[in-house]
Amino acid sequence: MPKSPTKRRPLTRAALTESAWALFTEKGFHTTSISDIVERAGLTRGAFYSNYRDKEEIFLALYDAHADRLLADLRDAAAQVKPGDNPIDEIQHRMAGRTDEERRWFLLSMEFTLHAARHPELAAQLAAHEDQVTQGLTEVLTEALTRTGRRSTIPVTDLARLLTAVFEGLTALQLIHGPAYDAQHLTPHLISALTEPVTG
């Protein structure tokens, strides 16, 4: 029996996002067209527009899916730290973009960020999605710090934003300089400077 439109919709969206992910990371966001996406997915433009307004919306769907996976991984990392551990070591390892897929995602997300920066409405949408990630990372850091008997000397949300900026900057440097470039040891200095033991 043919699937109903309601049952087909998740399959159609999955096919479109998989196609978009592959093309965006192979060709780049700008050089990928909606026609490219639907052709690779084996669908029609009508199927695309029944699910997404434009390329930007399908990217934001990919962003949310990536963020959900990352935050789940980071929550697992935070749950494993013990008193005396550096609260950021395991989190840094999982955020640092060490897999090929993470590096490809980093390049795509940076391209989209620059694109959004030139379009205020899109920038506001991306900022709202990024704020959700910051909130999730704030919760992860709070748990990790609590488990190691430390606290942040600045609002934890600010610490989350600083760490995100550091991770992104270091990932960019590694991509430019090559795999031999290693500056990940710099991040613990930031943690040491901006956290302190809980006393009493």
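Residues numbered from 1 in each chain as written. Predicted model: local features only at pLDDT ≥ 70, side-chain atom pairs only at ≥ 80, totals over all residues. Heavy atoms only, no water.

As annotated in an unreviewed UniProt entry, the protein chain carries the name TetR family transcriptional regulator and comes from Streptomyces griseofuscus.

A. Spotlight on the overall build of the protein chain. Helix and strand counts for the protein chain come out as 9 helices and 2 strands. Order of helices (α) and strands (β) in the protein chain, N terminus to C terminus: α-α-α-α-α-α-α-β-α-α-β. In terms of principal-axis extent, the alpha carbons of the protein chain reach across some 65 × 40 × 30 Å. A total of 200 residues make up the protein chain; the buried ones form 39% of that total. In the form shown here, the protein chain has an accessible surface area of approximately 11,200 Å², with 56% of it arising from carbon and sulfur atoms. Considering the protein chain, the positive charge centre built from 22 side chains and the negative charge centre built from 27 side chains are found 5 Å apart. (Helix = DSSP H or I, 4+ residues; strand = E, 2+ residues; numbered from the N terminus. Buried < 20%, exposed > 50% of the residue type's maximum accessible area, 1.4 Å probe, protein only. Areas by Shrake-Rupley, 256 points an atom, 1.4 Å probe, with all protein chains shown as cover. Lys, Arg positive; Asp, Glu negative; His and termini not counted. Charge placed at Lys NZ, Arg CZ, Asp CG, Glu CD.)

B. Region of the structure containing the nonpolar core. Phe24, Phe48, Phe59 and Phe112 are the most contacted members of the largest nonpolar core, which has 24 residues in total. Listing elements by their share of this core, those giving two or more residues are α1 (5–27), α2 (34–41), α4 (55–80), α6 (100–117) and α7 (120–147). Formed jointly, this core draws a minimum of three residues from each of two domains, domain 1 (1–52) and domain 2 (56–197). Not counting residues up to four positions away in its chain, the partners in contact with Phe24 are Phe29, Thr32, Ile37, Lys55, Ile58, Phe59, Leu62 and Leu108. Within the second largest apolar cluster, 18 residues are counted, among which are Leu74, Val81, Val140 and Leu194. (Core = buried A, V, L, I, M, F, W, Y, C linked by side-chain atoms within 4.5 Å. Domains from an automatic or database assignment. Contact = heavy atoms within 4.5 Å.)

C. Focus on the pattern of salt bridges. Counted under the stated rule, the structure contains 7 salt bridges. A salt bridge links Lys27 to Asp36; its shortest N-O distance comes to 2.9 Å. Residue Lys27 is classed as partly exposed on the basis of its relative accessible area of 40%. On the basis of relative accessibility, which here comes to 21%, the residue Asp36 falls in the partly exposed class. In this structure, Glu57 engages Arg53 in a salt bridge whose closest nitrogen and oxygen atoms are separated by 3.6 Å. Its relative accessible area of 54% is what places Arg53 among the exposed residues. (Salt bridge = Lys/Arg side-chain N within 4 Å of Asp/Glu carboxyl O.)

D. A look at the packing of aromatic side chains. Under the criterion given, the structure shown has 10 aromatic pairs. Ring geometry for Phe59 against Tyr63: centres 6.4 Å apart, planes inclined by 50°, an arrangement best described as tilted. Of this pair, Phe59 and Tyr63 both sit in helix α4, 4 residues apart, roughly one helical turn. This pair shows no difference in class: Phe59 is buried, exactly as Tyr63 is. Judged by centre distance (6.3 Å) and plane angle (55°), the rings of Tyr63 and Trp105 are tilted. (Phe/Tyr/Trp six-rings, centres within 6.5 Å; stacked < 30°, edge-to-face > 60°.)

E. Seen up close, the UniProt feature "DNA-binding region" (unreviewed entry) in the protein chain. Look at the UniProt record and you will see "DNA-binding region" (unreviewed entry) annotated at residues 33–52. Secondary structure across residues 33–52 divides into 65% helix and 0% strand, with the first and last C-alpha atoms of the span separated by 13 Å. (UniProt positions renumbered as here; feature names shortened; annotations may be inferred.)

F. Local environment of the side chain of Ser152. Mapped onto the secondary structure, Ser152 falls in strand β1 (residues 150–152). Side-chain polar atoms of Ser152 contact the backbone oxygen of Ile154, separated by 2.6 Å. Other than its neighbours up to four places away in sequence, Ser152 contacts Leu145, Leu159, Leu194 and Thr195. (Polar contact = N/O pair within 3.5 Å; in protein donor to acceptor, adjacent residues only side chain to side chain.)

G. Region of the structure containing helix α9 (residues 187–194). Three or more residues of α9 are buried, namely Thr187, Pro188, Ile191 and Leu194. The buried residues of α9 all sit within an arc of 140° when viewed along its axis, so they share a single face. Projecting away from the buried face of α9 at angles above 90 degrees are the exposed residues His189 and Ala193. (Arc of directions from axis to C-beta.)

H. Structural context of the UniProt feature "domain: HTH tetR-type" (unreviewed entry) in the protein chain. In the numbering used here, UniProt assigns the feature "domain: HTH tetR-type" (unreviewed entry) to residues 10–70. Helix and strand shares over residues 10–70 are 77% and 0% respectively, and the end C-alpha atoms of the span are 22 Å apart.

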